Amino acid sequence: AGSSHLAYADEFSEFCERNPRPCPVIRRFAPGQIDCLDLARDLDIRTDLASYDVIRHGVVEHRKDIIDLFNERTVTYLIGSSTSFSKLLVDQGFRPHPIGRFGESTVQATTVECTPVGRFKGRMAVTVRVFDPEMTDKVCEYTSHLSKVHGAPVGKNNWEELGIEKDINWWGQPFEVKEGTDRLYWGCGATPHVVATQANLPFMISYTPGHALVSDIPAESLYE
């Protein structure tokens, strides 16, 4: 989830349209809207995330709520997360190998520039998962039907092409993976956070990566 000012909300919508792999929009709220009954019962977008990042000119402030920053001109976007298909992969028999101590996935920075729109420009973030080589093509095909939560991977074992520091995650922490496995990279919803920081935007609110909103949408319903 992310929030921006009405003055450049349309620009951000277009940015997401031009960069659908890292930024698949599930819903754009009306200005000032804080709830969405069909997606998450009893939602208050100002308080229901575990952590918020308030980004001003590249400087990040962590918040537990954003009540005092939210007003009738604040526009919220719900962007899909590949975490939503984690259980679906396991149910299909595609369990990823652990990535060091970070579980079955972690976020990594790339040097791939998003298609810029107005004030919004910056590099794509990706989520990496690791699989046995014999299942990677099946994983790619299966997730291609999940476009609302990033769809198919943007690459396999192509960390050099994506400009990824191979064994370092987004937070600068090293990790190890099982030898002889394939790394698959998906577009990541942390990308707007990167864009807000790199584009030196005067104000934008993002979820703190790793603290996304959990909705009431059944993961199975996302399969197209």
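In this report, we go over the structure that sits alongside the text. (Residues numbered from 1 in each chain as written. Predicted model: local features only at pLDDT ≥ 70, side-chain atom pairs only at ≥ 80, totals over all residues. Heavy atoms only, no water.)

Some remarks on the packing of aromatic side chains
A complete count under the given rule lists 10 aromatic pairs for this structure. With centroids separated by 4.8 Å and ring planes inclined at 75°, the aromatic side chains of Phe12 and Tyr77 adopt a geometry described as edge-to-face. Of this pair, Phe12 sits in helix 1 (residues 9–18) while Tyr77 sits in strand 5 (residues 74–79), and the two are 65 residues apart along the sequence. Exposure remark for Phe12: the relative accessible area of 2% places this residue in the buried category. Over the ring of Trp186 we find Arg129; its NZ or CZ atom is 5.1 Å from the centre of that ring. One Lys or Arg, Arg183, reaches over the ring of Trp159 and ends 5.4 Å from the middle of that ring. (Phe/Tyr/Trp six-rings, centres within 6.5 Å; stacked < 30°, edge-to-face > 60°. Helix = DSSP H or I, 4+ residues; strand = E, 2+ residues; numbered from the N terminus. Buried < 20%, exposed > 50% of the residue type's maximum accessible area, 1.4 Å probe, protein only. Lys NZ or Arg CZ within 6 Å of the ring centre and 35° of its normal.)

Focus: the side chain of His150
Summarising the element assignment, His150 is placed in the loop between helix 3 (133–143) and strand 8 (155–156). The class for His150 is buried, based on a relative accessible area of 1%. Within polar-contact distance, the side chain of His150 engages the backbone oxygen of Arg21 at 2.7 Å. Filtering out sequence-adjacent residues up to four positions away, His150 remains in contact with Arg21, Pro22, Cys23, Pro24, Gly80, Ser81, Ser82, Trp186, Gly187, Cys188 and Gly189. (Polar contact = N/O pair within 3.5 Å; in protein donor to acceptor, adjacent residues only side chain to side chain. Contact = heavy atoms within 4.5 Å.)

Digging into the sheet that holds strand 8
Pairing is antiparallel across the open sheet formed by four strands, whose spatial order is 6-7-9-8. The open sheet terminates on both sides in strands that have one partner only, identified here as strand 6 (106–113) and strand 8. Where strand 8 lies against strand 9 (residues 182–187), two bridges are found, and the strand directions are antiparallel. Along strand 9, the bridge assignment pairs Gly155 with Tyr185. Together, strand 7 (123–131), strand 8 and strand 9 form the strand contacts of helix 3, whose direction differs from that of strand 9 by roughly 15°. (Pairing = 2+ DSSP bridges. Axes fitted to C-alpha atoms, helices over the stretch in contact; angles between N-to-C directions.)

Overview of helix 3
Of all the residues in helix 3, the buried ones are Met135, Thr136, Val139, Tyr142 and Thr143. Looking straight down helix 3, one finds that the buried residues subtend no more than 135° of arc, so they occupy a single side. For helix 3, exposure combined with an orientation more than 90 degrees from the buried face picks out Glu134, Asp137 and Lys138. At its buried positions, helix 3 is contacted by helix 2 (86–91), strand 7, strand 8 and strand 9. (Arc of directions from axis to C-beta.)

Points about the side chain of Arg63
Relative to the elements of secondary structure, Arg63 occurs in strand 4 (residues 59–63). Classification of Arg63 by relative accessible area gives buried; the value is 18%. Side chain to side chain, Arg63 and Asp68 meet in a polar contact 2.8 Å long. Excluding residues that lie within four positions of it along the chain, Arg63 makes contacts with Ser51, Tyr52, Val54, Asp68 and Leu69.

Considering helix 1
Inspection of helix 1 places Ala9, Phe12, Ser13, Phe15 and Cys16 among the buried residues, and these make up the whole buried set. Summarising the axial view, the buried residues of helix 1 lie within an arc of 160°, below the 170-degree limit, and thus occupy one face. Opposite its buried face, helix 1 presents the exposed residues Asp10 and Glu17, each directed more than 90 degrees away.

Some words on the environment of Trp170
For Trp170, the location among the structural elements is in the loop between helix 4 (159–162) and strand 9. Placed 61 residues apart in sequence, Trp170 and Ala109 show a C-alpha to C-alpha distance of 5.4 Å. Ignoring anything within four residues of it in the chain, the contact list for Trp170 reads Val107, Gln108, Ala109, His193, Val194 and Pro209.

Description of the environment of Leu162
For Leu162, the position within the fold is in helix 4. Along the backbone, Leu162 and Met124 are 38 residues apart, and their C-alpha atoms lie at a distance of 9.2 Å. Sequence-distant contacts of Leu162, defined by excluding residues within four places in its chain, comprise Thr110, Thr111, Val112, Val154 and Tyr185.

Some remarks on the environment of Gln198
Here Gln198 shows up in helix 5 (residues 191–198). We classify Gln198 as partly exposed; its relative accessible area is 46%. Gln198 sits 23 residues away from Ser221 along the chain, and the two C-alpha atoms are 34 Å apart. With residues up to four places along the chain from it excluded, the contact list for Gln198 reads Lys121, Gly122 and Arg123.

By themselves these figures say nothing about function.
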